[in-house]
Amino acid sequence: MNPLHRMDGRLFLEEVSLEELARVYGTPLYVYSQAALTEAFDSYERALAGLPHLICYAVKANGNLAILQHFARLGAGFDIVSGGELARVLRAGGQAAKIVFSGVGKTEAEMRAALDAGIRCFNIESESELSRLNRVAKEMGRIALVSIRVNPDVDPKTHPYISTGLKQNKFGIPIGRAQPLYRQAASMDGIEIVGVDCHIGSQLTDLAPIADAIDRVLDLVGKLSSIGIRLKHIDIGGGLGIRYRDETPPDMTDFRSILISRFRGRSEEVIVEPGRSLVGNAGLLLTRIEYVKRGDTKNFIVVDAAMNDLMRPSLYDAFHDIVPVCQSGEPDLPCDVVGPVCETGDFIGLNRAIRAREGELLAVLSAGAYGMSMSSNYNSRPRSAEVLVNKNKIHLIRERETIEGLMAGERLVY
Ligand code: LLP
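J.: I'd like a description of the domain arrangement of the protein, backed by residues and values.
T.: Structurally, the protein comprises domain 1 (4-32 + 280-407) and domain 2 (103-272). For domain 1 versus domain 2, the separation of C-alpha centres amounts to 36 Å. With both sides pooled, the region where domain 1 packs onto domain 2 buries about 790 Å², and carbon together with sulfur makes up 59% of that total. It is Asn 281, Tyr 316 and Phe 319 in domain 1 that bury the most area against domain 2; as a group they hold 58% of the surface buried on that side.

See below:
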């Protein structure tokens, strides 16, 4: 299903015209398709059907309250990495009992908030974190439910910044050191062991490393069982890639085969933590061409979106397809689509073939994940608005930030 389509040459998301959205809500504007969110979630449900499972949406991919609420309604749990994400999920109606808390640097305050809420599980990333959590839980008269995030040392074959499962990465406990840590956890009064987890990286297009990681984790689960430690769940993380340009994202049927062959007949619940693959292709960034600077060998299309709105191209050299909202003839010269931010690294796309006309709209595709959630106010640019479309209905799910809002919280000294 592709919710993005053309009618009379003009782009629509579901039944809503992008030109109309830009006219009413302005640009830059993040636009999401509810049908695409639902379809992506359902594809995981189908992959996991027949196995006890929980799909914990990785909030960091896109934490807008309305998106969290939609996933909560579909039955999702959530993978959070901060107290802020915890608060968002609870505000959006997510159930605490379906929240797993990942991340290497959980503070004491975050632990307390999560214990108070009664979350499903802390994914423990170090010996020190386990000791701290034990102490905090005991002080509060609570028992913290934990899983240990193991680092299986497999190469996920993705961008080095988003690879997490190699031993040189900061994440998890080396799988070889997990067993003693489980023993230690089992002896702690404030801790109850409920699971194991791993997450090897993001934008994975090859399923083999995931299968490999699962096998290593299952091997550990067997060893733990032989010393009397039985787990309620096995969390295999997120990471499935999406198509930005010409990648072949993992096939969900193949993913299902991997899961079924490893988990059928087992009693543990399978948890997955997808982010990008649930929201990435459900969203786009709508931007207007402010200026066209014509050069000898290339043109620059200066748009009103910038690296502060969509950081992925600047940070990871990531490719996002850019298409005109109204089809308008052949491109003249190759062009760089750049923003107004004062950095050479401020680009949305390089060397593209786009016919540039000032005032026209462009859609930057596959921007639903790690777009708005990584945006900033750099160059004192207010953050964009966000809109969710459902057939012909339009929900403004985040107002455009105001200039006043930009400075809220700051104080003059004289
Ligand atoms: N679970 C854990 C523990 C994670 O660290 C992540 C992502 C996920 C789940 C979700 O992974 P996903 O299904 O979205 O691949 N900003 C980067 C991506 C960073 C991913 C960080 N961790 C980007 O824009 O490509």
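J.: Tell me what's going on with the packing of aromatic side chains, and back it up with residues and numbers.
T.: Two numbers describe a pair of aromatic rings. These are the distance of the centres and the angle of the planes. Overall, the coordinates contain 6 aromatic pairs when judged by the stated rule. Seen in terms of ring centroids, Tyr 57 and Phe 71 are 4.7 Å apart; in terms of plane orientation they differ by 45°. Their pairing is tilted. Pair noted here: Tyr 57 is in strand β5 (residues 53-58) and Phe 71 is in helix α3 (residues 65-74), with a separation of 14 residues, a long-range link. Tyr 57 gets classed as buried once you look at its relative accessible area, which sits at 0%. Sitting over the face of the ring of Phe 101, Lys 106 holds its NZ or CZ atom 5.5 Å from the ring centroid. In this structure, Arg 245 packs its charged tip against the face of Phe 319, placed 3.9 Å from the ring centre.

J.: Tell me about the nonpolar core, and name the residues and values.
T.: Core analysis: the largest hydrophobic core is formed by 100 residues, its most contacted members being Phe 71, Phe 78, Phe 122 and Tyr 182. If you count residues domain by domain, this core takes at least three from each of domain 1 (4-32 + 280-407) and domain 2 (103-272). With residues near it in sequence (within four places) discarded, Tyr 182 still touches Ser 147, Ile 148, Ile 193, Gly 195, Val 196, Leu 220, Leu 224, Ile 229 and Leu 231. Core analysis: the next-biggest nonpolar cluster, separate from the first, contains 20 residues, Leu 13, Val 16, Leu 284 and Val 325 among them.

The rules behind each value
- Residues numbered from 1 in each chain as written.
- Predicted model: local features only at pLDDT ≥ 70, side-chain atom pairs only at ≥ 80, totals over all residues.
- Heavy atoms only, no water.
- Domains from an automatic or database assignment.
- Buried area = accessible area lost by both parts, 1.4 Å probe.
- Phe/Tyr/Trp six-rings, centres within 6.5 Å; stacked < 30°, edge-to-face > 60°.
- Helix = DSSP H or I, 4+ residues; strand = E, 2+ residues; numbered from the N terminus.
- Buried < 20%, exposed > 50% of the residue type's maximum accessible area, 1.4 Å probe, protein only.
- Lys NZ or Arg CZ within 6 Å of the ring centre and 35° of its normal.
- Core = buried A, V, L, I, M, F, W, Y, C linked by side-chain atoms within 4.5 Å.
- Contact = heavy atoms within 4.5 Å.

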